[in-house]
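# Observations on chain architecture
The residues making up each chain are set out below.
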Amino acid sequence: RILKPLSEVTQDDVLDALPPSFAGGRRTTASLCLKARDMTFAQIGQLVGNDDTEDSREGRRLVAEYLNACLEEYVERGCVAPEWGEQYDDLKKEEDGDDAVENDLDTTKVDGDEKKEDSMSEAQVEQIEKGVKDIMSATAAEDTTSGDT
């Protein structure tokens, strides 16, 4: 976290940092969640662009769907995160061809076919991951070419 010089700290900054148990404190779970949401949106915009082009909108959608799938998995696993920058262990085993841990997804029969009731299939997540990587590569290429002016 970046700290301001003390001379620039305002009373509002102090009240925003204090929990409600202190007189005037405004740091609540709701305010923390709102900040986390806004920071996430800002990060997505930095990764793929905040402009109104079709590519940027599609990139933001792909990243948001990927993050949504990650958050759902995080909740399913009891809100325990994988190692920083890593996938969950059973996903690594699946990619390596080892025995994978089965997902405990409910299935239903629809016209004789089993259908998973999760929000995104593994193929969709892989497609989103590929799209995010492609966007990141294109963005990195644009950054290197724009700096050569």
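In what follows, the accompanying structure is described. Once a new chain begins, its residue numbering starts again from 1 and follows that chain's sequence as written. Side-chain atom pairs in this predicted model are given and counted only at pLDDT of 80 or more, local residue features only at pLDDT of at least 70, and totals for whole chains, interfaces and linings cover all residues. As a rule here, side-chain values cover all heavy atoms of the structure and leave hydrogens and water aside.

With that settled, consider the overall build of the protein chain. Only DSSP runs of H or I covering at least 4 residues are called helices, and only runs of E covering at least 2 are called strands; the numbering of each starts at the N terminus. Helix and strand content of the protein chain: five helices and two strands. In sequence order, the secondary structure elements of the protein chain are arranged as α-α-α-α-β-β-α. Accessible area is worked out with a 1.4 Å probe on protein chains only. A residue is then buried under 20% of its type maximum, exposed over 50%, and partly exposed in between. Classification of the 149 residues of the protein chain by burial places 13% in the buried group. Only heavy atoms enter the contact rule, under which two residues are in contact if any of them lie within 4.5 Å. Pairs at least 24 residues apart make up 26% of the contacts formed inside the protein chain by residues separated by at least 6 positions.

Next up on the list: helix α2 (residues 29–48). Here, expected helix span is obtained from the residue count minus one, scaled by 1.5 Å. Between the first and last C-alpha of α2 there are 29 Å, a value that for 20 residues agrees with the 28 Å anticipated at 1.5 Å per step. A positive backbone phi angle near 105 degrees is found at G49, which sits one or two residues after α2.

Here the focus is helix α3 (residues 54–76). For α3, with 23 residues, the first-to-last C-alpha span of 33 Å sits near the 33 Å given by 1.5 Å per residue. Regarding α3, the residues found buried are S56, G59, L62, V63, A69 and E73. Positive phi appears at G78, one or two residues downstream of α3, with a value of about 75 degrees.

With that out of the way, let us pick up the packing of aromatic side chains. Note on ring pairs: Phe, Tyr and Trp rings are taken, using the six-membered ring of Trp, and paired if centres are within 6.5 Å. Classes follow the plane angle, with under 30 degrees stacked, over 60 edge-to-face and the rest tilted. All told, the structure shown has zero aromatic pairs when counted by the stated rule. Definition used: whenever NZ (Lys) or CZ (Arg) falls within 6 Å of the ring centre and also within 35 degrees of the ring normal, the charge is taken to sit over that ring. In this structure, R77 is placed above the aromatic ring of Y88, and the distance from its NZ or CZ to the ring centre is 4.1 Å.

Packing of α2 against α3 leaves a shortest axis separation of 9 Å and a crossing angle of 130 degrees. Comparing their axes, α3 and α2 come out oblique. With respect to the hand of their crossing, α2 and α3 are arranged in right-handed fashion. Side by side, α2 and α3 meet where T40, I44 and V48 of the first sit next to S56, G59, R60, V63 and L67 of the second. Residue composition of the contact of α2 with α3, by class: four nonpolar, three polar and one charged. Here, axes are lines fitted to C-alpha atoms. For helices the fit covers the stretch in contact, and angles between N-to-C directions go from 0 to 180 degrees. Put simply, angles under 35 degrees are roughly parallel, angles over 145 are roughly antiparallel, angles from 65 to 115 are roughly perpendicular, and the rest are oblique. When the near helix sits turned anticlockwise from the far one by under a right angle, the crossing is termed left-handed; a clockwise turn instead gives a right-handed crossing. Charged means Asp, Glu, Lys or Arg here, nonpolar means Ala, Val, Leu, Ile, Met, Phe, Trp, Tyr, Cys or Pro, and polar covers whatever is left, Gly included.

Together, L6, V9 and V14 make up a nonpolar patch on the protein surface, roughly 280 Å² of accessible area in all. With respect to the helices and strands, the residue L6 is situated in the segment before α1 (11–17). L6 gets classed as exposed once you look at its relative accessible area, which sits at 74%. Here, patches come from residues exposed beyond 30% relative accessible area and free of salt bridges, joined within 9 Å for like charges and within 5 Å for nonpolar side chains (Val, Leu, Ile, Met, Phe, Trp, Tyr). Where accessible areas are quoted, they stem from the Shrake-Rupley method and a 1.4 Å probe; at the residue level, only the protein chains shown are allowed to cover. Should a side-chain nitrogen of Lys or Arg be within 4 Å of a carboxyl oxygen of Asp or Glu, the pair is scored as a salt bridge.

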